[in-house]
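Fold and contact review
Next come the chains, spelled out residue by residue.
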Amino acid sequence: MLKLARSPSSLLPLSLLAALSACSDSAADGDQDEADETGETGDTGEELVEPFDEFPGLSAAVEIRIDERGIPHIYGEHDDDVAYASGYQMASDRLFQMDLMRRRALGRQAEVLGPDFVDQDVVSRTFDLKRWGNLNAERLRSEAPDIYNYVISWLAGVNQRIAEVQSGAASLPYGFAEAGFMPETWERDDEFAIAKLLYLGNSNSFDRDLLATILHDNLQDTWAAFELGKPLFDVAIMPDDEIPTGLKPDSGPSSLELARPPRPMDPYSPALIAEAVAKLQHATAHLGKRPFGSNNWAVDGRFTADGRPLIANDPHQPLQSPSMMYAQHLDSASAGKGGTQEVIGFSFAGTMGVQLGHNRHVQWAATTNFGDVTDVWDVRVEGEGVWIGDQFVDWVEREEVIEVAGEESVVLSLHDVPDYGVIVPEQLIPLPVASPGRELLVNWTGFRATAEELCFARMGQASDLDEWEAGVDLMEVAGFNFVGASAEGISYRVNILVPDRDLSGGALPYLVIDGDDAASYWRSYLPAEKLPRSRVESRGWIGTANNDPWGFTFDGDVTNDPFYYGYFYAAGHRAKRLQDELERLTGEGEVSVADMQALQLDTHSVMADLLLPIVLDAADQIGTNPDLADYEGNADLQTLAAVLDGWDRNMDRSSAGALVWHLWLHDMAWETISDDFAFLYTLVFAEEPPYILKIPALALTHGYSTDELLQTSRERIAVEALASAATWLNERYGSVDPEGYSWADMHGTDFQNPFGMELDGGWVPTNGGEDTLNVSSSVFYASSQGEPNERFDSHHGPIFRLVTRFAEDGVPEAVINFPRGNSGEPSSPHWDDTLDDWIEGVYSPLPYRIEDVEAATVSQYRLEP
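Quick caveat: nothing in here was measured; it's all calculated off a predicted structure.

1. Some remarks on the overall build of the chain
- Within the chain one finds 26 helices and 30 strands.
- Over its C-alpha atoms the chain spans a radius of gyration of 27 Å, differing by no more than 12% from the 29 Å that the globule rule assigns to 865 residues.
- A burial count over the chain gives 64% of its 865 residues as buried.
- For the chain, the accessible area works out to roughly 30,100 Å², and carbon and sulfur atoms hold 48% of it.
- On the chain, the mean spot of the 57 positive side-chain charges and the mean spot of the 145 negative ones are 2 Å from each other.

Encoded structure:
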């Protein structure tokens, strides 16, 4: 029976508890000596751990302190006790959200939320996340029983809270009664399935491959006119002196050529294609898009005021209500009883441990790496199997039944192709992207037992950068640019299973591949020396912003490089600004925490630096350029040109120039390429604004190998876009006078919840734009006709901002802000209490040392054995 003690008078200060624990160290040491003598330890002197499948119960009391931001600080004597309390506390704060995450992973959303969620359940069942989660669990049980036991203990804590809710001992969290269902007891594999879901969303390119193929097959002239993978700014992650050079000696056809026979658009109408694309986007929405917005960087001590490194991270994720991430502090080490956990930071709600944070020695940070770990083939079907090149492989049929609230169940017949992936069901994309008599086969490197839980656990236990890098090297499928720092140095490290592809037959992995090409199937993975990683000794700083780590895409051709790594990277806006600012700051020296904070909050538009001179030059030509004769005498255009000329190029809420720029930028994009992309234009733009905006920008600056996307002069395009902005401002505000409007009037962040009601977080004006370091991209178009939305809502952004320095004793000291609060209960004081600091960019310390946690504590309780 779990016992809760909540009387503050019954709790000793943590500093006193630590002192008492230290007094018992000699006895503990004696016990260890006896164990060593009797051979009850492994060869390394570490105690042998046997896996258990049922939590044996708390071995000692666990103390939980809640600080002023609702962050729990959990102290116990043993790892498993702390894990149990972590699960219990997370479920106390986030149970409804956790239950929905579990249903997302298992493909059971429609069962309680209705038919709108069937397509998402189809994706989860197709990718069989429950099965692969089970294999992850079994691998962890075999290879790392200590971490397996940690997960089992965490699950027991979750289930203890669920049992209290089911029995009525604890109140039913908001959402369950409103949705009409009760929380279920979690099974062992549920946490592992959620982890698979999260890392599928982080690493897969399935939907992008299909979108690119639809564009390639149906708009062949457009496809031939530009290089989709080419960034706007050529900034690689790796230092210049560490990038491999030289063309691949056996490179095949250029990726600028058509590598697969395109399907004619007929008989598939634009409306049918648009419907299929929209369905695909909806079906994969629960995965979360591989975010084009995350930043992390580190500067070593040679450039800082105190001679020790600085590290920063602002990972961008869907900004939901409540947040996808949960802040917590887990400490089993300071009691001196053999515990290994002393970590604080953020975890994805519904998963155990801390994924991003710091321990007593190392701070680590992450962005999405975009290594290509997913391929789609067009394979021949024959009987009960498919042809993999010239090899026939029998498929394995499985039936999935999706229960649907208020409707008949959906029966899904799926076909797994052992070792090669799964056939994409027609329910997922009704448009036949495959050729007649063929099916789409998708493979993902996560279709195997992988070790993500172990990776994060070992990073959290690291005592130096070498051990931290060894932890990173356990990662296999989640594509992260990890940056780590200790008081001694900094490190950039990636470990991910990227297939070592043979492109000699013309296969392009970012398109659907001809399944008859036997050489295109995966046989091995890139070795460690072809993965991006560096201690950056020569340069002294590292920064990542979802950009190409190697620079292989800079020429738009990925077939002429030493090896293939990936294709769909960010456009380089943030990477350009980050590089410029880090070069400036390190050149000046004595870089400070304040400098790092200012960089995270930076709203400077690098696209304005590139394109604004074109606008102003074109406006100056009105009256002298015959191509602009239609706009002579238009005073509004000169007013807006003056607004842009005087603008500081920052996308700040108070700025009128920011709104004018945003209108011009999207109107320019429409004028430049909407006719080329035809019916796909607004659909693609809605999906990836920061990525797609590079296309008209490159066209306008003659950045492609051809100028075929430009149908008229760039001066006319620039002025037509300015005229469109003037028309919109007059219709909306009655004037183009900049005193009458600002960026805050139109742009903000909308914290949505898929269930809605009181869980919806509402809309707030926020800084940033598509191309700023403090990125805040939004959907511009309301329809396929190009009309702007009533409001430019952002749904993605920094899920937290963190800057960390190192004290003289080497302990990390972090300052943070995060939206919206740490609780998932609308009635909680911690539901939205961190939102204002996040909006205003106010940082405050993340309590880690015992004395700081005590000072920040506002409530506390104990879990007793």
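Having put the structure on the table, let's press on.
2. What to know about the nonpolar core
- Residues Tyr 565, Leu 611, Trp 661 and Trp 664 are the most contacted members of the largest nonpolar core, which totals 236 residues.
- Broken down by element, this core gets its largest block of residues, 14 residues, from helix H3 (residues 79-106).
- For Trp 664, the contacting residues outside a window of four places in its chain are Leu 611, Val 615, Leu 700, Ala 718, Ala 721, Leu 722 and Ala 725.

3. Considering the side chain of Asp 771
- Mapped onto the fold, Asp 771 is located in the loop between strand E24 (762-765) and strand E25 (792-794).
- For the buried Asp 771, which has no salt bridge, the nearest side chain bearing the opposite charge is Arg 574, at an N-O separation of 9.1 Å.
- Here the side chain of Asp 771 touches Ser 605 through a polar contact of 2.7 Å, side chain to side chain.
- A polar contact of 2.8 Å, which involves the side chain of Asp 771, links it to the backbone nitrogen of Met 607.
- When neighbours within four sequence positions are excluded, Asp 771 is seen to be in contact with His 573, Arg 574, His 604, Ser 605, Val 606, Met 607 and Ala 608.

4. As for the environment of Phe 554
- Relative to the helices and strands, Phe 554 is located in the loop between strand E22 (541-544) and helix H15 (573-588).
- Sequence spacing of Phe 554 and Asp 67 is 487 residues, and the spatial spacing of their C-alpha atoms is 47 Å.
- Those residues within four positions of Phe 554 in sequence are excluded, and the remaining contacts are Lys 230, Pro 231, Asp 234, Val 235, Ala 236 and Asp 548.

5. Digging into the packing of aromatic side chains
- In total, this model carries 42 aromatic pairs according to the counting rule given.
- Look at Phe 55 and Tyr 84: their rings are 4.7 Å apart centre to centre, the planes differ by 15°, and that puts the pair in the stacked class. Of this pair, Phe 55 sits in the loop between helix H2 (25-38) and strand E2 (62-67) while Tyr 84 sits in helix H3, placing them 29 residues apart in sequence.
- For Tyr 84, a relative accessible area of 5% corresponds to the buried category.
- Taking 6.1 Å as the distance between ring centres and 70° as the angle between the ring planes, the aromatic pair formed by Trp 728 and Tyr 733 counts as edge-to-face.
- Three or more aromatic residues joined by ring pairs make a cluster, and in this case those are Trp 670, Trp 728, Tyr 733, Tyr 741, Phe 780, Tyr 781 and Phe 792.

6. As for unusual backbone geometry
- Pro 322 follows Ser 321 through a cis peptide bond whose omega is -5°.
- Relative to the helices and strands, Pro 322 is located in the loop between strand E6 (316-318) and strand E7 (325-331).
- Between Pro 819 and the following residue, Arg 820, the backbone shows a cis peptide bond with an omega angle of -20°.
- Positionally, Arg 820 belongs in the loop between strand E28 (812-817) and helix H25 (835-840).
- Residue Asn 546 is not a glycine yet carries a positive backbone phi of 65°.
- On the secondary structure map, Asn 546 appears in the loop between E22 and H15.

7. Details of the sheet that holds E22
- A sheet is described by the order of its strands in space; here six strands give the open sequence E22-E4-E5-E27-E28-E29, paired in antiparallel fashion. In this open sheet, the two edge strands, each paired with only one partner strand, are E22 and strand E29 (844-845).
- Inspection of the sheet shows strand E5 (residues 310-314) paired to strand E27 (residues 801-806) by three bridges, in the antiparallel sense. Looking at E27, one finds that Asn 313 is bridged to Leu 802.

8. Points about helix H16 (residues 593-600)
- Where H16 is concerned, the buried positions are Met 596, Gln 597, Leu 599 and Gln 600. End-on, the buried residues of H16 take up no more than an arc of 160°, which puts them together on one face.
- Taken together, the buried residues of H16 touch strand E4 (295-299), E5, H15, E27 and E28.

9. Here's the deal with the environment of Ile 311
- When you line up the elements, Ile 311 lands in strand E5.
- Residues Ile 311 and Ile 614, spaced 303 residues apart in sequence, show a C-alpha to C-alpha distance of 37 Å.
- Those residues in contact with Ile 311, other than ones at most four positions away along the chain, are Trp 297, Ala 298, Gln 363, Trp 364, Ala 365, Val 483, Gly 484, Ala 485, Leu 802, Val 803 and Thr 804.

10. What to know about the pattern of salt bridges
- Counted according to the given criterion, the structure contains 51 salt bridges.
- For the salt bridge of Asp 53 with Arg 141, the shortest nitrogen-to-oxygen distance reads 2.9 Å. Of the two residues, Asp 53 sits in the loop between H2 and E2 while Arg 141 sits in helix H6 (residues 129-143), which places them 88 residues apart along the sequence.
- Its salt-bridge partner being Lys 576, residue Asp 580 comes within 3.4 Å of it at the nearest N-O pair. Placement of both Asp 580 and Lys 576 in helix H15 is noted, with a separation of four residues, approximately one turn of the helix.

11. Some thoughts on the packing of helix H19 (residues 656-677) against helix H23 (residues 714-733)
- Relative to each other, H19 and H23 sit at 125°, their axes nearing to 8 Å. Put simply, H19 runs oblique to H23. With respect to the hand of their crossing, H19 and H23 are arranged in right-handed fashion. From H19, Leu 659, Val 660, Leu 663, Trp 664, Asp 667, Met 668, Glu 671 and Thr 672 reach across to H23, where they touch Ile 717, Ala 718, Glu 720, Ala 721, Leu 722, Ser 724, Ala 725, Trp 728, Leu 729 and Tyr 733.

12. What to know about the confidence of the model for the chain
- Per-chain confidence: the chain averages 90 in pLDDT, with 91% of residues scoring 70 or above.
- Ignoring residues within four places in sequence, the model shows residues 6-45, a span with pLDDT below 50, making 38 contacts including any to other chains.
- Contacts of residues 249-259 to residues separated by more than four positions or lying in other chains number 24 contacts, the stretch itself having pLDDT below 50.

13. Focus: the sheet that holds E25
- Pairing within the open sheet is mixed, and its three strands lie in the order E24-E23-E25. Bordering the open sheet on either side are E24 and E25, each of which pairs with just one other strand. Strand-to-strand twist of the sheet, defined as the mean angle between neighbouring strand axes without regard to direction, takes the value 40°.
- With three bridges connecting them, strand E23 (residues 747-751) and E25 associate as parallel partners. Its bridge partner lying in E25, Gly 748 is registered against Asp 793.

The rules behind each value
- Residues numbered from 1 in each chain as written.
- Predicted model: local features only at pLDDT ≥ 70, side-chain atom pairs only at ≥ 80, totals over all residues.
- Heavy atoms only, no water.
- Helix = DSSP H or I, 4+ residues; strand = E, 2+ residues; numbered from the N terminus.
- Rg over C-alpha atoms; globule rule 2.2 N^0.38 Å.
- Buried < 20%, exposed > 50% of the residue type's maximum accessible area, 1.4 Å probe, protein only.
- Areas by Shrake-Rupley, 256 points an atom, 1.4 Å probe, with all protein chains shown as cover.
- Lys, Arg positive; Asp, Glu negative; His and termini not counted.
- Charge placed at Lys NZ, Arg CZ, Asp CG, Glu CD.
- Core = buried A, V, L, I, M, F, W, Y, C linked by side-chain atoms within 4.5 Å.
- Contact = heavy atoms within 4.5 Å.
- Salt bridge = Lys/Arg side-chain N within 4 Å of Asp/Glu carboxyl O.
- Polar contact = N/O pair within 3.5 Å; in protein donor to acceptor, adjacent residues only side chain to side chain.
- Phe/Tyr/Trp six-rings, centres within 6.5 Å; stacked < 30°, edge-to-face > 60°.
- Pairing = 2+ DSSP bridges.
- Arc of directions from axis to C-beta.
- Axes fitted to C-alpha atoms, helices over the stretch in contact; angles between N-to-C directions.
- Parallel < 35°, antiparallel > 145°, perpendicular 65-115°, else oblique.
- Left-handed = near helix turned anticlockwise from the far one by under 90°.
- pLDDT = per-residue confidence, 0-100.

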